Amino acid sequence: MKNALLNMSTTIVSKRIKEARKKIQITQEELASAIGISDKSISAYESDRIEPPLQVLEKIAAATKQPLRFFIEDTIESAILSKLADVETQLKEIQALLKE
């Protein structure tokens, strides 16, 4: 469950980071300080400019008292559905080639 899964839908992750932070009513600066990174990094994660490494996401989860799956569960499901759609498309292409 490395960052490859997170690549599929970082928008979900970024929204969940912001949601978790606001739920416990802390600023980006306070969250950043709690986990030992810059507030600019938190801003970049929340605005979906960059994706947080899994280690940072684990720290965010701990600091916001959320399970890690809160941030990535939908992302994993989305990644799996995307892969299945790719496989389905490839199978259709193979079937078309076999008919020729």
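Refer to the structure above for everything that follows.
Bear in mind the structure is a predicted one, so any value in this text is a computation, not a measurement.

Mind showing me how you'd approach the environment of Glu-51 here?
Tracing the chain through its elements places Glu-51 in the loop between helix H4 (39-46) and helix H5 (54-64). Of the residues examined, Glu-51 reaches a relative accessible area of 23% and is grouped as partly exposed. C-alpha separation for the pair Glu-51 and Ser-14, spaced 37 residues apart in sequence, amounts to 7.8 Å.

When you look at the nonpolar core in this model, what are you seeing that I'm missing?
Nonpolar side chains in soluble globular proteins tend to end up buried together. Membership of the largest hydrophobic core comes to 15 residues, with the highest contact counts inside it found for Ile-17, Ile-35, Ile-42, Tyr-45, Leu-57, Ile-60 and Phe-71. Counting only elements with at least two residues in this core, the list comes to helix H2 (10-23), helix H3 (28-35), H4, H5 and helix H6 (68-99). If you tally residues by element for this core, the top one is H5, at four residues. With residues up to four places along the chain from it excluded, the contact list for Ile-17 reads Tyr-45, Glu-46, Pro-52, Leu-57, Ile-60 and Phe-71.

Looking at this model, I keep getting lost on the side chain of Glu-46. Mind explaining?
Within the fold, Glu-46 resides in helix H4. Under the relative-accessibility criterion, Glu-46 is labelled buried at 11%. Here Arg-21 takes part through its side chain, which lies 2.6 Å from a polar atom of the side chain of Glu-46.

What is the right way to read the pattern of salt bridges from this model?
Across all of its chains, the model carries two salt bridges by this definition. We note a salt bridge from Lys-92 to Glu-88, for which the minimum N-O separation is 3.7 Å. Residue Lys-92 and its partner Glu-88 are both found in helix H6; the two are separated by four residues, about one turn of the helix.

So what exactly am I meant to see when it comes to H3 here?
Side chains of residues three or four places apart in an α-helix project in the same direction, reflecting 3.6 residues per turn. Buried within H3 are the following residues: Leu-31, Ala-32 and Ile-35. The arc enclosing the buried residues of H3, seen along the axis, measures out at 100 degrees, which places them on a common side. Every exposed residue of H3 that faces more than 90 degrees away from the buried side is listed here: Ser-33 and Ala-34. Downstream of H3 by one or two residues, Gly-36 has phi in the positive range, about 80 degrees.

Can you help me understand the packing of H3 against H5 in this one?
Between two packed helices, both the angle of their axes relative to each other and the distance between the axes serve to describe the pair. Between H3 and H5, whose axes approach to 10 Å, the crossing angle comes to 110 degrees. Compared by their axis directions, H3 and H5 come out roughly perpendicular. As for how H3 packs across H5, the hand of that crossing is right-handed. Mapping the contact onto sequence places Leu-31, Ala-34 and Ile-35 in H3 and Val-56, Lys-59, Ile-60, Ala-63 and Thr-64 in H5. A breakdown of the residues in the contact of H3 with H5 according to their chemical character gives six nonpolar, one polar and one charged.

Reading guide: rules and limits
Residues numbered from 1 in each chain as written. Predicted model: local features only at pLDDT ≥ 70, side-chain atom pairs only at ≥ 80, totals over all residues. Heavy atoms only, no water. Helix = DSSP H or I, 4+ residues; strand = E, 2+ residues; numbered from the N terminus. Buried < 20%, exposed > 50% of the residue type's maximum accessible area, 1.4 Å probe, protein only. Core = buried A, V, L, I, M, F, W, Y, C linked by side-chain atoms within 4.5 Å. Contact = heavy atoms within 4.5 Å. Polar contact = N/O pair within 3.5 Å; in protein donor to acceptor, adjacent residues only side chain to side chain. Salt bridge = Lys/Arg side-chain N within 4 Å of Asp/Glu carboxyl O. Arc of directions from axis to C-beta. Axes fitted to C-alpha atoms, helices over the stretch in contact; angles between N-to-C directions. Parallel < 35°, antiparallel > 145°, perpendicular 65-115°, else oblique. Left-handed = near helix turned anticlockwise from the far one by under 90°. Nonpolar A, V, L, I, M, F, W, Y, C, P; charged D, E, K, R; others polar.

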